[in-house]
Amino acid sequence: MSHLLRGELIKAVTTRTLLGFAVGGVAYAVLNVLAVAVWAGTLDEVPEKEEALSALPTLLLLWGLVGTAGEYRHRTAAPAALVGRRHRGFVLSARITAYALTGLLLGTLTTMVSVGLALPLLSDHPGPDLTSGDVGAVVAGNLVAFVLSAILGAALGALIRSPVLGVVVLLIVNFAVIPLLSGVSESMANLTPFGAAGVLSRMTHYTTLSVVEAGWVLAAWTAAVALVAVVVERRRDLA
């Protein structure tokens, strides 16, 4: 497993795609802090201030999906399985693990930017300040959401196998289907991976799920999709 994981990590971190997602994550972090802590007006409650520290888990869904689906588009998945001399499901497991680790890296970078920029700005707002415990909880939620989203995206990429189709479907679901579903039933929307990730990363507050519950929902979706992806990978042709 170690040599497979090392190979998958090398492929993931040596592409320009990773740099693009890192820049995009940092840009979002800066815009989110400014939007919440500066442009949104006065913040006087803890959940409102926590939102300024939130990340964008959907970005990691895209990262995992584009990277893994690209293996099939560029026909590098089959050689990886042949060189690794392991069954295809094992190779995919290593690939998903690699994207989980890079997701943690991107999540750490983005969260550091959010916290470093937001805390000085939030100190000017009335009401209770964020304690170290509050900040630590938000950081932990962000990192968990990033890692799980990267795993989920990688598993979806293995199932869809087309980066373009995967991105289009993901964007439609996130920006069209989920808002419509939320308008009908907020609780149902929160039970989707997108809704749960938003609660976990504090992008959404005063809602029907607690942060812990959102974490379990996202973990359940991630485990289920990853399992299906590994099983399907073992049974179909890589070409």
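Note that the structure is predicted; figures quoted are calculated from it, not measured.

Here Thr 68 lies in helix H4 (residues 57–73). Taking C-alpha positions, Thr 68 is 8.9 Å from Leu 92, a pair spaced 24 residues apart along the chain. Beyond its immediate stretch of four places on either side in the chain, Thr 68 contacts Leu 92, Arg 95, Tyr 99, Ala 154, Gly 157 and Ala 158. A polar contact of 3.0 Å, which involves the side chain of Thr 68, links it to the backbone oxygen of Gly 64.

It is worth spelling out the packing of aromatic side chains at this point. The tally for this structure, following the rule as stated, stands at two aromatic pairs. In this structure an aromatic cluster arises from ring pairing among Phe 21, Trp 63 and Tyr 99.

We now examine unusual backbone geometry. With a phi close to 70°, Arg 161 is a non-glycine residue in the positive phi region. Mapped onto the fold, Arg 161 is located in the loop between helix H7 (132–160) and helix H8 (163–184). Here Arg 161 falls in the buried class, since its relative accessible area comes to 18%.

So, about a nonpolar patch on the surface. A cluster of nonpolar side chains, Val 164, Val 168, Ile 172 and Val 177, forms an exposed patch at the surface whose accessible area comes to about 330 Å². By the secondary structure assignment, Val 164 is in helix H8.

For H7, with 29 residues, the first-to-last C-alpha span of 41 Å sits near the 42 Å given by 1.5 Å per residue. Positive phi shows up at Arg 161, right after H7, with a value of about 70°.

Orientation of H7 relative to helix H10 (residues 193–200), taken along the N-to-C sense of each, is 155°, at an axis distance of 8 Å. Our classification of the angle between H7 and H10 gives roughly antiparallel. The segment H7 lies against H10, with Gly 141, Asn 142, Val 144, Ala 145, Ser 149 and Leu 152 engaging Pro 193, Ala 197 and Leu 200. Here the residues of the contact of H7 with H10 sort into six nonpolar, three polar and no charged.

What follows deals with the UniProt feature "transmembrane region" (unreviewed entry) in the protein chain. Taking the UniProt record as the reference, the feature "transmembrane region" (unreviewed entry) is found at residues 21–40, 52–72, 92–115, 135–157, 164–184 and 214–232. In this annotation, residues 21–40 is assigned 95% helix and 0% strand; the end-to-end C-alpha distance for the span is 26 Å.

What follows covers the confidence of the model for the protein chain. Low pLDDT marks regions whose predicted coordinates should not be analysed in detail. Taken as a whole, the protein chain shows an average pLDDT of 86; of its residues, 92% reach a score of 70 or greater. Per-element averaging of pLDDT across the protein chain places helix H5 (residues 77–84) at the bottom with 53 and H7 at the top with 93.

So, how was this worked out
Residues numbered from 1 in each chain as written. Predicted model: local features only at pLDDT ≥ 70, side-chain atom pairs only at ≥ 80, totals over all residues. Heavy atoms only, no water. Helix = DSSP H or I, 4+ residues; strand = E, 2+ residues; numbered from the N terminus. Contact = heavy atoms within 4.5 Å. Polar contact = N/O pair within 3.5 Å; in protein donor to acceptor, adjacent residues only side chain to side chain. Phe/Tyr/Trp six-rings, centres within 6.5 Å; stacked < 30°, edge-to-face > 60°. Buried < 20%, exposed > 50% of the residue type's maximum accessible area, 1.4 Å probe, protein only. Patch = residues over 30% accessible without salt bridge, like charges linked within 9 Å, V, L, I, M, F, W, Y side chains within 5 Å. Areas by Shrake-Rupley, 256 points an atom, 1.4 Å probe, with all protein chains shown as cover. Salt bridge = Lys/Arg side-chain N within 4 Å of Asp/Glu carboxyl O. Expected span 1.5 Å × (residues − 1). Axes fitted to C-alpha atoms, helices over the stretch in contact; angles between N-to-C directions. Parallel < 35°, antiparallel > 145°, perpendicular 65-115°, else oblique. Nonpolar A, V, L, I, M, F, W, Y, C, P; charged D, E, K, R; others polar. UniProt positions renumbered as here; feature names shortened; annotations may be inferred. pLDDT = per-residue confidence, 0-100.

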